[in-house]
Amino acid sequence: MWLIYFLQRAIENDLREQVSEMRRKSPGFQPRLAIVQVGGREDSNVYIRMKLKAAENIGILAEHIKLPRDYNQNELLAKLSYLNDSPLVHGIIVQMPLDSTEKIDAHLVTDAVSPHKDVDGLNTQNEGRVAIGDMSGFIPCTPAGVIELIKRSGVSISGKNAVVLGRSRIVGTPVAELLKWEHATVTVCHSKTKNLSEITKTADILVVAIGKPELVRGSWIKPGAVVIDCGINPIPDSSKSSGQRLVGDVSYSEAVQVASHVTPVPGGVGPMTVAMLMRNTVLAARRQLERLVAPAWPLSPLRLNILTPVPSDIEIARAQKPKHIAQLAEEIGLYPNEVSQYGSTKAKISLSVLERFRDQKGGKYIVVAGITPTPLGEGKSTTLLGLVQALGAHRGKNAFACMRQPSQGPTFGVKGGAAGGGYSQVIPMEDFNLHLTGDIHAVTAANNLLAAQMDARIFHELTQKDGPLYDRLVPKIKGVRKFSAIQLRRLKKLGINKTDPDALTPEERTKFARLNIDTKKIMWNRVVDLNDRYLRKITIGQSPTEKGFTRETSFDISVASEIMAVLALGKNIDDIKERLANMVVALDKDGEPVTADDLGVTGALMVLLKDAFEPTLMQTLEGTPVLVHAGPFANIAHGCSSILADKIAMKLAREGGYVATEAGFGSDIGMEKFFDIKCRASGDTPHCAVIVATVRALKMHGGGPAVSPGLPLHDVYVQENLELLSKGLCNLGKHISNGNKFGVPVVIAINRHGNDTEAELNMVKEYAVKNGAFRAVVCSHWARGGAGALELADAVVAACDAPPAFRYLYPLDLPLVDKIRTIAVEMYGAGHVDYTDDVLEKIKKFTEKGYDKLAVCMAKTSNSLTGDPSIKGAPTGFTLRINDIFVSVGAGFIVPMVGDISKMPGLPTRPSIYDIDLDTKTGEIQGLF
């Protein structure tokens, strides 16, 4: 006879070792099983206790989910859907039978369990796989236990006659299929079978699962046969305290006299069924872990149909059919509950991904910046996308692009969209360049709510006496008056340690109620996500209802809002909330800062921004992933996509993967802020800097004529001119030097344009390498997609393998003027920094308040290394003049203003508006680029 107890223990020991091995690979990983029970049948409780005990012995975390008897079908299906989506659950079983007062379709319920988590093996997909001999799914537990018992008996199944009594979908039918695929000759018997005892006597292997107590007698059994009894039936027995005992479908006392092996009841198939359930659960967990630690995603790249000449960006984008965003999300390791789809081509990604992958090592971190650009741009976004397409679709690496969401200002102005170009784009480019998932609109609403609350508070303080003002701020509701949570924070800040509104003294009430904002020292403007020059200076409060309390103010473009910078620099939701609370909107009449928290608006801002905390998943033309999040301008703010998007991307890319993110404009602006502001805030270490250069821009820096959007290029830009090019190479040299000062390898991506000659390209390449570049490569990704950036991808991989030596340009404890000077001298080439008296006075006040320990975010033209946009090349020794300075306490930086930098762009004589239209018949957008 079998020693089933020892067999079960052997299986459990093997599974325990497998679990330990998984924990060694991933210390925070643990297999998890959800056991769902409707009602509370005692026989079901017995089975569940067996499963829970076995799971505990093996190291599986099993949760018994008890649901009431009146749970209906829709509620049960919703619960299963939640468990299906949870990345923390590897296996799900629904304990049968369902003990419910409601009508529930058991087959619908078992099919509702995901085939990937169906460790009972009862989903139709898994049953179907067994039927066709595909054992890649989950084999039903009792049938699997039957086969295991037969094999452990020492009897070879192949070539034997097997008879199965019963054809249930849970036991009989799958057992028959499994025996068939083990090469037995199988006969299935059921209630309509004639001469049942004669058929059973032909069986070398007899499996009985018919649900009738002791139906099969010893005379029905072939001498020496193997008998597996799957039945369990209560029969009366007065000798038992319960008045009954359990027997199988086989008369054990008779069968044991004839058969070579017979399983007892209880204690036979039951324990093996539990053991097989544990085996399936461990298998499900191992499959998930293998997926998590696999060196490469199972990514399905999209094929490009390359045309010559290259069509317009929107024609290329529209010709490519994107993968469904759910497919891409699954390929890169996301679970359904971590993905909120916005249609079929974009989705928000939950920040819970960071918690799930907290122990996962991240990928290599790459920043893409440029040389000092022409007004046409040099293809930085295009290069970023070409690089990740090359890494992901062609080199088989896990590669993410992280990008800012473009503002609608440039989209409808001159520059156009920011989805890349040619065959290196984000798709759908219309969605990317317009509303996307509404994050900029959320920032706009939050910013303007804060402005509205500030002006309303000023008005109410001007028009009310202390007593009524306090009473309205802390009103009685149903006879009870209490402070809100944010008001309690203000009391604490004021040093008033009271929580009862009626306990405050008159002086304390006045101190609490009056912010005393100095309207001449307000730092907070309203915003709109458009270029509108007439909002650069406005007067508000002109309605008679405002009682003559007018003031001059202005609008900024939405991406210049400090809230956008906070969204981009927050490490988690709590960090974002603290940063929002600390934003200084004005000074009071004593010169003290007034914050968003003082205005009571922090919680409301969080609610408006709730969905905007999550980055948006999109894809490139070749089906590689892109995360889009936040959009601060680089010449006004720090010009980088969010820390949260980068962190999620690095976790998903895994240790051997790559995350390339952009930094606005040149190395002097976006890249310096990426290193000194973003990386300092995130704590992440970059491995490589890619600087994009073009022959066209370098010719401009060599003294070429002005390059203007909408006007034809001068002949010098479309004909070979090595002399002009050589004069402009100094600008490239300066940007290489800038990158090297941070201790990261600098790879130069020379973005080929159609009129560039080989001699010109080689000149740039040779100069770059001689002047400190790790490597310089010519790229044709605009015309060829990822295939045109393979050499760039290889250079980046090699650069990322170099030993990291990253360092910041300056320490935060350096005096503010010294930090500004360090940036001016080291990044721009300045010889001296000059300040207005007003700026020096502000620096003094900032220092008194401790703001001098913040990072520095220079607001400077992107069109020159100097503060004068007309000066090209790489001048040195010039004077940089700081004509204004302000602080963004929430964002965590001080902003010195160099030259005339406007936070509200204007529309040109001929903006892109003229070319943009909607086809009313097809619904397609025309004219975006």
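Every value quoted in this text rests on a predicted model; they were computed, and no experiment measured them. (Residues numbered from 1 in each chain as written. Predicted model: local features only at pLDDT ≥ 70, side-chain atom pairs only at ≥ 80, totals over all residues. Heavy atoms only, no water.)

Notes on the sheet that holds strand E10 (residues 261–262)
The condition that has to hold: In short, DSSP must find at least two bridges between two strands for them to pair. Helix and strand definitions here come from DSSP, where helices need a minimum of 4 consecutive H or I residues and strands a minimum of 2 consecutive E residues; each element is numbered from the N-terminal end. Any two residues whose heavy atoms approach within 4.5 Å at even a single point are treated as in contact. Think of each axis as a best-fit line through the C-alpha atoms, taken over the contacting stretch in the case of a helix, with angles from 0 to 180 degrees between the N-to-C directions.
Taken together, 5 strands build an open sheet; the order of strands is E5-E4-E6-E7-E10 and the sheet is parallel. Single-partner strands in this sheet number two, and they are strand E5 (185–189) and E10. Across the face of the sheet, helix H7 (residues 172–181) comes into contact with strand E4 (161–165), E5 and strand E6 (205–208) while running at roughly 170 degrees to E4.

Some details on helix H14 (residues 380–394)
Just so we agree on the cut-off: Take the residue count of a helix, subtract one, and multiply by 1.5 Å to get its expected span. Relative accessibility thresholds used throughout: buried, under 20% of the residue-type maximum; exposed, over 50%; partly exposed, between the two (1.4 Å probe, protein chains only).
Its 15 residues give H14 an end-to-end C-alpha distance of 20 Å, which sits within 8% of 21 Å, the value for a rise of 1.5 Å per residue. Within H14, 14 of the 15 residues are buried, leaving the element largely enclosed by the surrounding structure. In the segment just after H14, Gly396 is the residue with positive phi, at about 70 degrees.

As for the environment of Ala789
Mapping Ala789 onto the fold places it in the loop between helix H30 (781–784) and helix H31 (790–800). C-alpha separation for the pair Ala789 and Val388, spaced 401 residues apart in sequence, amounts to 8.8 Å. Apart from residues no more than four positions distant in its own chain, Ala789 is found in contact with Gly386, Leu387, Ala390 and His781.

Considering the UniProt feature "domain: Tetrahydrofolate dehydrogenase/cyclohydrolase catalytic" (unreviewed entry) in the protein
Keep this limit in mind: UniProt positions are given in the numbering used here, feature names are shortened, and annotations may be inferred rather than shown by experiment.
Per the UniProt entry, the sites bearing "domain: Tetrahydrofolate dehydrogenase/cyclohydrolase catalytic" (unreviewed entry) are residues 8–120 in this numbering. Taken end to end, residues 8–120 is 49% helix and 16% strand, and its first and last C-alpha atoms sit 18 Å apart.

Remarks on the UniProt feature "domain: Tetrahydrofolate dehydrogenase/cyclohydrolase NAD(P)-binding" (unreviewed entry) in the protein
The UniProt feature table records "domain: Tetrahydrofolate dehydrogenase/cyclohydrolase NAD(P)-binding" (unreviewed entry) at residues 140–288. Secondary structure content for residues 140–288 is 36% helix and 19% strand, and the end C-alpha separation is 20 Å.

Notes on the environment of Phe512
By secondary structure assignment, the location of Phe512 is in helix H20 (residues 506–513). Looking at Phe512, the relative accessible area reads 3%, which means it is buried. Sequence separation of Phe512 and Gln487 is 25 residues, and the distance between their C-alpha atoms is 8.7 Å.

What to know about the nonpolar core
Which entries qualify depends on this criterion: What is meant by a nonpolar core is a set of buried Ala, Val, Leu, Ile, Met, Phe, Trp, Tyr and Cys residues, joined one to another through side-chain atoms within 4.5 Å.
If you look at the biggest cluster of nonpolar residues, it comprises 122 residues, and the most contacted ones within it are Leu617 and Phe675. Core analysis: the next-biggest nonpolar cluster, separate from the first, contains 51 residues, Val146, Val171, Ala209 and Leu283 among them.

Considering the packing of aromatic side chains
What counts is decided by this rule: Two aromatic rings from Phe, Tyr or Trp, using only the six-membered ring of Trp, form a pair when their centres are within 6.5 Å; if the ring planes differ by under 30 degrees the pair is stacked, by over 60 it is edge-to-face, and anything between is tilted. Geometrically, a lysine NZ or arginine CZ counts as sitting over a ring once it is within 6 Å of the ring centre and also within 35 degrees of the ring normal.
Applying the stated criterion across every chain yields a total of 10 aromatic pairs. Between the aromatic rings of Phe459 and Phe549, the centroid separation amounts to 6.3 Å while the plane-to-plane angle is 75 degrees, which identifies the pairing as edge-to-face. One end of the pair, Phe459, is in helix H17 (residues 439–463); the other, Phe549, is in the loop between strand E21 (538–540) and strand E22 (551–553), and 90 residues separate them in sequence. On the basis of relative accessibility, which here comes to 16%, the residue Phe459 falls in the buried class. Here Phe806 and Tyr808 contribute two aromatic rings whose centre-to-centre distance is 5.2 Å and whose plane-to-plane angle is 85 degrees, an arrangement assigned as edge-to-face. A relative accessible area of 19% means that Phe806 is categorised as buried. Here Tyr808 falls in the partly exposed class, since its relative accessible area comes to 33%. By way of ring pairs, the aromatic residues Tyr365, Phe674, Phe675, Phe742, Phe806 and Tyr808 are connected into one cluster. Above the face of the Phe138 ring, Arg287 is positioned so that its terminal group lies 5.0 Å from the ring centre.

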